[in-house]
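Coordinates in review
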Amino acid sequence: MNYGQMRMALYRVAPDLQVSSALLPGKLDGIYCLATNTVLIDRRMTYVRKRCALVHELVHWRHGDDTSDGCAGSKIERRCRRETAMLLINTAAYAVAERMYDGEPHQMASELNVTVQVIEDYRQILSEIIH
Ligand SMILES: [Zn+2]
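Just so you know, these numbers come straight off a predicted model, no measurement behind them. (Residues numbered from 1 in each chain as written. Predicted model: local features only at pLDDT ≥ 70, side-chain atom pairs only at ≥ 80, totals over all residues. Heavy atoms only, no water.)

Thoughts on the packing of aromatic side chains
Just so we agree on the cut-off: Stacked, tilted and edge-to-face pairs are distinguished by plane angle, under 30 degrees for stacked and over 60 for edge-to-face with tilted covering the rest, among Phe, Tyr and Trp rings (Trp via its six-membered ring) whose centres lie within 6.5 Å. Helix and strand labels come from DSSP, where a helix needs a run of H or I of at least four residues and a strand needs a run of E of at least two; each type is numbered from the N terminus. Each residue is assigned to one of three classes by its accessible area relative to the maximum for its type, calculated with a 1.4 Å probe on protein chains only: buried under 20%, partly exposed between the two thresholds, exposed over 50%. A ring has a charge above it when a Lys NZ or an Arg CZ is no more than 6 Å from the ring centre and no more than 35 degrees off the ring normal.
Within the structure shown, the criterion is met by two aromatic pairs. Taking the centre distance of 5.9 Å and the plane angle of 45° together, the rings of Y3 and Y47 count as tilted. Remark: Y47 occurs in helix 2 (residues 47–63) and Y3 occurs in helix 1 (residues 3–13); sequence separation between them is 44 residues. Look at Y3 and you get buried, because its relative accessible area is 5%. Ring plane angle 50° and centroid distance 4.7 Å describe the contact between Y94 and Y122, whose orientation is recorded as tilted. Of this pair, Y94 sits in helix 4 (residues 91–100) while Y122 sits in helix 6 (residues 116–130); the two residues are 28 residues apart in sequence, bridging distant segments of the chain. With a relative accessible area of 5%, Y122 lands in the buried category. Positioned above the aromatic ring of Y47 is the side chain of K50, whose terminal nitrogen or guanidinium carbon lies 4.8 Å from the ring centre.

Written out as structure tokens, the structure reads:
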């Protein structure tokens, strides 16, 4: 699903959840506010980055993590990034992209419609499984 399709699907499956675009301060891509059940996504980003930020904030939403002050604890954040990478990356597509681009993360990210950060988080998960 792309970002627009995800936004549309959310109207249907999670009508109580508010998702809005905003100008977020600093390097924030997205936040989830538990009190108002609202996800805010920075509107200046590319659609690929918005897609990753939305999935990331939806993982926080599902766990009831409030990130409206811009910083969840590092343990919560690590869990969220792992789950986000697992949701966004298809194992078979990842394997194909890795072979096709010789593991080069920017090209793989562009092929898989995710950010380099998500590729790195996924790699981290794989390395933990192997070691
Ligand atoms: Zn987070």
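Things to note about the pairing of strand 3 (residues 38–42)
The test is simple: Strand pairing requires that DSSP identify at least two bridges connecting the strands.
For strand 3, the buried fraction is high: four of the five residues fall into the buried class. Relative to strand 3, strand 1 (residues 18–22) is paired through five bridges, and the arrangement is parallel. Within strand 3, the position partnered with Q18 by the bridge is T38. Across four bridges, strand 2 (residues 30–33) lies against strand 3 in antiparallel orientation. Paired with G30 across the strands is I41, a residue of strand 3. Taking the residues between adjacent antiparallel strands as the criterion, strand 2 and strand 3 are bridged by four residues, where N37 takes a positive phi near 50°.

Observations regarding helix 5 (residues 105–112)
One turn of an α-helix holds 3.6 residues; hence residues three or four places apart share an orientation. Worth spelling out the cut-off: Throughout, the arc means the angular range of directions from the helix axis out to the C-beta atoms. What makes two residues a contact is simply this: any of their non-hydrogen atoms within 4.5 Å.
The complete set of buried residues in helix 5 reads M108, A109 and L112. Take helix 5 and look down its axis: the buried residues cluster within an arc of 100°, on one side only. Projecting away from the buried face of helix 5 at angles above 90 degrees are the exposed residues H106 and S110. Buried residues in helix 5 make contact with helix 2, helix 4 and helix 6.

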